[in-house]
Amino acid sequence: MGKRKVILITDGDQVARKAVEKVAAEVGCRVISRSSGNPTPLSGQQLIRLIEHAKHDPVLVMFDDNGNGDYGYGERALEYVVNHPNIEVLGAIAVASNTPMVDGVHVDFSIDQNCQLIDDAVDKDGHPSHSVEHVVYGDTVDILSSCEIPMIVGVGDIGKMQGKDHFLKGAPITKAAIIEILKRSGYDHVADH
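Calculation criteria
Residues numbered from 1 in each chain as written. Predicted model: local features only at pLDDT ≥ 70, side-chain atom pairs only at ≥ 80, totals over all residues. Heavy atoms only, no water. Helix = DSSP H or I, 4+ residues; strand = E, 2+ residues; numbered from the N terminus. Buried < 20%, exposed > 50% of the residue type's maximum accessible area, 1.4 Å probe, protein only. Pairing = 2+ DSSP bridges. Right-handed = clockwise from strand over helix to strand, strands pointing away. Axes fitted to C-alpha atoms, helices over the stretch in contact; angles between N-to-C directions. Parallel < 35°, antiparallel > 145°, perpendicular 65-115°, else oblique. Left-handed = near helix turned anticlockwise from the far one by under 90°. Contact = heavy atoms within 4.5 Å. Nonpolar A, V, L, I, M, F, W, Y, C, P; charged D, E, K, R; others polar. Salt bridge = Lys/Arg side-chain N within 4 Å of Asp/Glu carboxyl O. Core = buried A, V, L, I, M, F, W, Y, C linked by side-chain atoms within 4.5 Å.

Asks: Even after reading the chapter, I still don't get unusual backbone geometry, so can you show me in this structure?
Replies: A negative phi angle characterises most non-glycine residues, just as the trans form characterises most peptide bonds. Residue Pro39 follows Asn38 across a cis peptide bond; omega there is -5 degrees. Even without being a glycine, Met101 presents a positive backbone phi close to 60 degrees. Assignment of secondary structure puts Met101 in the loop between β4 (87–95) and β5 (105–106). Judged by relative accessible area, Met101 falls into the exposed class, the value being 79%. Despite not being glycine, Gln162 shows a phi value in the positive range, around 60 degrees. Given a relative accessible area of 53%, Gln162 falls into the exposed group.

Asks: Just checking my understanding: could you explain the pairing of strand β3 (residues 59–62) for this structure?
Replies: In summary, the side chains of a regular strand alternate between the two faces of the sheet. Side chains of β3 alternate between two faces, with Val59 and Val61 and Leu60 and Met62 buried alike. Pairing between strand β1 (residues 4–9) and β3: 4 bridges, direction parallel. Within β3, the residue paired with Ile9 across the bridge is Met62. When strand β2 (residues 30–31) meets β3, the two strands line up parallel, connected through 2 bridges. When the sheet's bridge partners are listed, Val31 is paired in β3 with Leu60. With helix α2 (residues 44–53) bridging β2 and its parallel neighbour β3, the resulting β-α-β unit is right-handed.

Asks: Hey, could you run me through the packing of α2 against helix α3 (residues 73–82) in this one?
Replies: Packed helices, taken two at a time, are described by the angle their axes make and the gap between the axes. Contact pair α2 / α3: the axes reach a minimum separation of 8 Å and the direction vectors enclose 50 degrees. With respect to α3, the element α2 is oriented oblique. For the crossing formed where α2 meets α3, the hand is right-handed. Here Gly44, Gln45, Leu47, Ile48 and Ile51 of α2 come into contact with α3, specifically with Ala77, Tyr80 and Val81. A breakdown of the residues in the contact of α2 with α3 according to their chemical character gives 6 nonpolar, 2 polar and no charged.

Asks: Would you take a moment to explain the pattern of salt bridges for this structure?
Replies: Two side chains bearing opposite charge may form a pair once their charged atoms approach each other closely. Here the structure, examined in full by the defined rule, presents 9 salt bridges. Across the pair Glu88 and Lys5 runs a salt bridge, and its minimum N-O distance is 3.5 Å. Highlighted residues: Glu88 in strand β4 and Lys5 in strand β1, separated in sequence by 83 residues. A relative accessible area of 24% places Lys5 in the partly exposed class. Notably, a salt bridge pairs Glu21 with Arg17, separated by 3.1 Å at the nearest N-O pair. Residue Glu21 and its partner Arg17 are located together in helix α1 (residues 14–27), separated by 4 residues, close to a single helical turn. Residues joined by salt bridges that share partners form a network here, namely Asp13, Lys124, Asp157 and Lys160.

Asks: Help me out: how do you make sense of the nonpolar core in this one?
Replies: A general tendency of soluble globular proteins is for nonpolar side chains to be buried together. In terms of nonpolar packing, the biggest core is built from 30 residues, with Leu8 and Leu144 touching the most fellow members. Apart from the residues lying within four places of it in its own chain, the contact partners of Leu8 are Val61, Phe63, Leu78, Val81, Val82, Val89, Gly91, Ala92, Ile93, Leu144 and Ile149. Within the second largest apolar cluster, 29 residues are counted, among which are Ala16, Ile158, Ile178 and Ile179.

Asks: What exactly am I supposed to notice about the sheet that holds β1 here?
Replies: Picture the strands of a sheet paired through backbone hydrogen bonds; they go either parallel or antiparallel. Across the sheet, which stays open at both edges, the 7 strands sit in the order β2-β3-β1-β4-β9-β6-β7 with mixed pairing between neighbours. Since the sheet does not close on itself, it has two edges, and those belong to β2 and β7 (117–118), each with one partner. Of the pairings in the sheet, the one linking strand β6 (residues 109–111) to strand β9 (residues 152–155) comprises 2 bridges and is parallel in character. The residue bridging Ser110 from the neighbouring strand is Gly154, located in β9. Of the strands in this sheet, β1, β2 and β3 touch α1, which is tilted by about 175 degrees from β3. Across the sheet, helix α4 (residues 172–184) touches β1, β3, β4, β6, β7 and β9, and the angle it forms with β4 is around 150 degrees.

Written out as structure tokens, the structure reads:
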């Protein structure tokens, strides 16, 4: 079957899961719902098995360190998945949080709380952070810097952002980030609505 194509999402709480599931259904991706949790409940090996059994690509996988600024469960699982020989990572969504004492990750661009693609990083609410280095700070993003990932997109707290990314509204900010990764990965048929 070849390498499975995966998009990494560094958030996995219940609100994020509802938003990611909603977007996956609308844009034609599969989502590993069992990857959600605070912190990530599954090991990298368990996630690989679920990804390999997903009906089709691309597959959305959530990772969460539950506010732990150190190398936590989510980052450990993410690193394993990224480095697995059967996985091709299309991109990662770096989710901002208010976690202190983290290095953060340089993003290629962000989707702000108004669904605009910006060259800046964003904070937890999806506002431009005016970071000189375009760095998003979050509890599960540090590991992305040391992984081979072709595209890293910054967003605020998935499913929240002052209500603007609520799943009942279709999680439009999360959707815009996923669509952008898909388009830049050659998925031309992705629906915008």
